[in-house]
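An overview of the molecular structure
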Amino acid sequence: MSNTNLLFSNIFKILRPYQWVKNILVFIPMLMSHKLNYENFFLSLKAFVIFSLVSSIVYVINDISDVKSDQKHPYKKYRPLAAGLINIKECKTLILFLIIFCGLFLYDINTNFLLLIIFYFFISNLYTFIFKKFIFIDLLILTILYTLRIVGGGLITDISVSIWLLSFSIFFFISLASVKRQIELINAKKLRYKKISGRGYVVDDKKTINLISVFFSYISILVLILYINSPQVLKLYSSPNILWGICIIMFFWVSRIISVAKKGKIKDDPIIYAINDKISYLCLVLILCIIWLGITI
């Protein structure tokens, strides 16, 4: 492979495109409100691209900030910057290019969505430089960043995001953020570290983090149950009772993810694990089938 091709390969890696799957959340307001049409799909797709570009900018900034701690990490030391495959000057040039490219997509976008993107970028960087070092606060910030993607999908399409969806998202993403921290603590224990590098957590926090992940995951399912019994569902679904199947599937999925993580079988991010997990795909297909049946029957 030529030096140019190798450079582009490392640039592609540092953008972490596998993380872009999280930005699929912007499509949720359109899908949950049953307002799937060409215009809303195009706007949601635009939001997906913008969030992906902004998140990649944040990832590059994060790699620059964490380069020293990443070089000591068993997995992160293979990241292009930590491994010396790309230098900081090239990273800064990449950030500038991404900002310009992102600006083209933000041209003529509605003001509310633009303000949300600026806020997302600001909070993301505060997390990188400050909040990730504080236990529990970092979980709340990660939850906010996930939820902002859903809110952004609503703002760009001018679709109102229900309090039910926001409530479910907050509890569900606190759970996932806790699982991610639990995985890092398990990995630290395997390597006989007393704490996570660059974080405020120590290995002894593992039990507390596990309790948080379990508690908030089941609270999110409770919110889902309450939503099924709300007047809003009666307007959207002809057979709302069939949606109870989603609660059962979600209970299974979150319980399994927490269990698998506790056993140390997930290396890093539970969402990235789910992308490569056949059972997670099966759960997703079943949920989509239940939603379709709830609308058509």
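Attention now moves to the packing of helix α6 (residues 111-129) against helix α7 (residues 137-157). Two quantities define a packed helix pair, namely the angle between the helix axes and the distance between the axes. Two numbers describe how α6 lies on α7: the axes approach to 10 Å, and their chain directions differ by 165 degrees. The orientation of α6 with respect to α7, classified from their angle, is roughly antiparallel. Note on packing geometry: the crossing formed by α6 with α7 is left-handed. Across from N112, F113, L116, F119, Y120, I123, S124 and Y127 in α6, the residues of α7 making contact are D138, I141, L142, L145, L148, R149, V151, G152, L155 and I156. For the contact of α6 with α7, a count of residues per class yields 13 nonpolar, three polar and two charged.

Turning our attention to unusual backbone geometry. At H34, a position not held by glycine, the phi torsion is positive, near 60 degrees. Here H34 shows up in the loop between α2 (28-32) and α3 (38-65). A positive phi angle is found at F136, which is not glycine, with a value near 70 degrees. Within the fold, F136 resides in the loop between α6 and α7.

Glancing now at the pattern of salt bridges. If you walk through the whole model with that rule in mind, you get four salt bridges. In this structure, the salt-bridge partner of R16 is D63, at a minimum N-O distance of 2.2 Å. On the criterion of sequence distance, the pair formed by R16 in the loop between α1 (3-14) and α2 and D63 in helix α3 is long-range, its members being 47 residues apart. The exposure classification of R16 matches that of D63, with both residues buried. Across the pair E184 and R181 runs a salt bridge, and its minimum N-O distance is 3.0 Å. With E184 and R181 both in helix α8 (residues 163-190), this residue pair falls three residues apart, about one helical turn.

What follows deals with the packing of aromatic side chains. Tallying each qualifying case throughout the model produces 15 aromatic pairs. Seen in terms of ring centroids, F101 and F105 are 5.3 Å apart; in terms of plane orientation they differ by 90 degrees. Their pairing is edge-to-face. Taken together, the residues F101 and F105, both in helix α5 (residues 88-106) and four residues apart, mark about one turn of the helix. Chaining the aromatic ring pairs together yields one cluster made of Y146, F168, F172, F173 and W253.

As a further point, take the nonpolar core. Formed by 45 residues in total, the largest nonpolar core has its most connected members in I50 and F113. Among the elements of the structure, α1, α3, α5, α6, α7, α8 and α9 (206-228) are those that each provide at least two residues to this core. In terms of residues, this core owes the most to one element, α3, which gives nine residues. In this structure I50 touches C102, F105, L106, I109, F113 and I117, once residues within four positions along its chain are discounted.

Rules used in this analysis
- Residues numbered from 1 in each chain as written.
- Predicted model: local features only at pLDDT ≥ 70, side-chain atom pairs only at ≥ 80, totals over all residues.
- Heavy atoms only, no water.
- Axes fitted to C-alpha atoms, helices over the stretch in contact; angles between N-to-C directions.
- Helix = DSSP H or I, 4+ residues; strand = E, 2+ residues; numbered from the N terminus.
- Parallel < 35°, antiparallel > 145°, perpendicular 65-115°, else oblique.
- Left-handed = near helix turned anticlockwise from the far one by under 90°.
- Contact = heavy atoms within 4.5 Å.
- Nonpolar A, V, L, I, M, F, W, Y, C, P; charged D, E, K, R; others polar.
- Salt bridge = Lys/Arg side-chain N within 4 Å of Asp/Glu carboxyl O.
- Buried < 20%, exposed > 50% of the residue type's maximum accessible area, 1.4 Å probe, protein only.
- Phe/Tyr/Trp six-rings, centres within 6.5 Å; stacked < 30°, edge-to-face > 60°.
- Core = buried A, V, L, I, M, F, W, Y, C linked by side-chain atoms within 4.5 Å.

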